[in-house]
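Residues per chain, in single letters:
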Amino acid sequence: MNRKHYLAMCITAAICSLSLTSQAQESEAKKPQAQQGGGGGGIQIEKTVSVINSGKWTGKRTADGQPDISGHWSNTIANHNNFTDPQGGVINDPGASARRIAQSPRENRAPSRVTDPADGQVPFQPWAQAKVKEFQQYFNNPIKPEYVEPLARCAPAGIPKSLYWHGYEISQYPDYVLFQFNSGTRIIHLDNKPHLPENIKLWNGDSRGHWEGNTLVVDVRNQNGKALFGRSGEFISEEGVIEERYIFNADGSRYNYVATFTDPTVYTRPFSVTIPAKKWTEKDEPNGWHFEVERANHPKGQVSLDNYERICTENNGGFARAAASGPAK
């Protein structure tokens, strides 16, 4: 092959490669925002929270009489970037990535997850507020281990962050409700067993619950105080108690998580949190965040949806945003 023919082949190959790359980029750009996944705009599929009232359950039930809520779920607002401004992006983010900054004025974004008090802020005691501000200052330049968000170490997300860190699966068994999160699991006991001894502390706490009509009511204690509510640094201590209410709508396609957080060692008063969630089914397309499943064939011809098995070990990537963005200025 002479040099002229060789160069012609290389140019043709390059043109084909560029064409394929352009087509792939165009195809990606045409995807609906909610199906792009990742840590930014693709996970923000709603901006409002619809009210769901407690009442009777009229839907299907499990063999032991529980309202049937099994399936794949996710929040509808945003991830863990910012607890009180869910679609506001990472606080003090030096990278200013389009995926991590607010895309609209505050009044056009989803409300705070804090629904009481009315200002949407956690009522921290002064020392606790200072600790949160310090975390925010050093999150992108973690010069101490305490400035590293626990998820970066592959720790369990904790409460309430597990409910907006990726989608998750709910399974039900006699006397139990099982949450299978992207970052660990959580069992809610319905069998009237007492809480664990006070000296046993868990990332997701110790949960004891019961059903009141369409509402799963859960008392959470025994937390280890290490989890954070998000990249914005809010927290609860080992002394904190959470009363959760999972309020499901009539057809079981939605629920609102409404919880009261009480911790006199950290907060000046109890406060309430609301997190909306929706159910995903085989009719939906996997999207890399809310709905991370593989379709498997069932012997009877039905479709089974299997969650991805998350592989995460400490130090498998750069902590926080420091590796990608460099130190904060």
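Residues numbered from 1 in each chain as written. Predicted model: local features only at pLDDT ≥ 70, side-chain atom pairs only at ≥ 80, totals over all residues. Heavy atoms only, no water.

## Details of the pairing of strand β5 (residues 184-189)
- In this structure, strand β4 (residues 176-181) lies alongside β5, joined through six bridges in antiparallel fashion. Bridge assignment links Gln-180 to a residue of β5, and that residue is Thr-185.
- Hairpin connection, β4 to β5: the antiparallel pair is bridged by two residues.
- Looking at chain direction, β5 and strand β6 (residues 206-212) are connected through two bridges and run parallel. In the sheet register, His-189 faces β6, and the bridge partner there is Arg-208. (Pairing = 2+ DSSP bridges. Helix = DSSP H or I, 4+ residues; strand = E, 2+ residues; numbered from the N terminus.)

## A look at the packing of aromatic side chains
- Inspection of every chain in the model, using the stated rule, returns 21 aromatic pairs.
- With a centroid separation of 6.0 Å and an interplanar angle of 35°, the aromatic rings of Tyr-168 and Phe-179 are classed as tilted. Separated by 11 residues along the polypeptide, Tyr-168 in strand β3 (residues 168-173) and Phe-179 in strand β4 bring together distant segments of the chain.
- Take Tyr-168: its relative accessible area is 2%, and that puts it in the buried class. (Phe/Tyr/Trp six-rings, centres within 6.5 Å; stacked < 30°, edge-to-face > 60°. Buried < 20%, exposed > 50% of the residue type's maximum accessible area, 1.4 Å probe, protein only.)

## Quick look at the pattern of salt bridges
- Under the criterion given, the structure shown has 10 salt bridges.
- Among the ionic pairs, Glu-244 bridges to Arg-186, the shortest N-O distance being 2.6 Å. One end of the pair, Glu-244, is in strand β8 (residues 241-248); the other, Arg-186, is in strand β5, with 58 residues separating them in the sequence.
- In this structure, Asp-206 and Arg-208 form a salt bridge, with 2.9 Å as the shortest nitrogen-oxygen distance.
- With relative accessibility at 12%, the residue Arg-208 sits in the buried group.
- Connected through shared salt-bridge partners, Asp-85, Arg-106 and Arg-109 make up one network. (Salt bridge = Lys/Arg side-chain N within 4 Å of Asp/Glu carboxyl O.)

## Description of the nonpolar core
- Grouped together as the largest cluster of nonpolar side chains are 43 residues, with contacts concentrated most on Phe-179, Tyr-255, Tyr-257 and Phe-261.
- Elements supplying a minimum of two residues to this core: α2 (126-138), β3, β4, β7 (215-221), β8, β9 (254-262) and β10 (271-280).
- In contact with Phe-179, other than residues within four places in its own chain, are Leu-163, Tyr-168, Glu-169, Ile-170, Gly-184, Thr-185, Arg-186, Ile-188, Tyr-246 and Tyr-255.
- Grouped together as the second largest cluster of nonpolar side chains are five residues, Ile-43, Leu-151, Ala-157 and Trp-165 included. (Core = buried A, V, L, I, M, F, W, Y, C linked by side-chain atoms within 4.5 Å. Contact = heavy atoms within 4.5 Å.)

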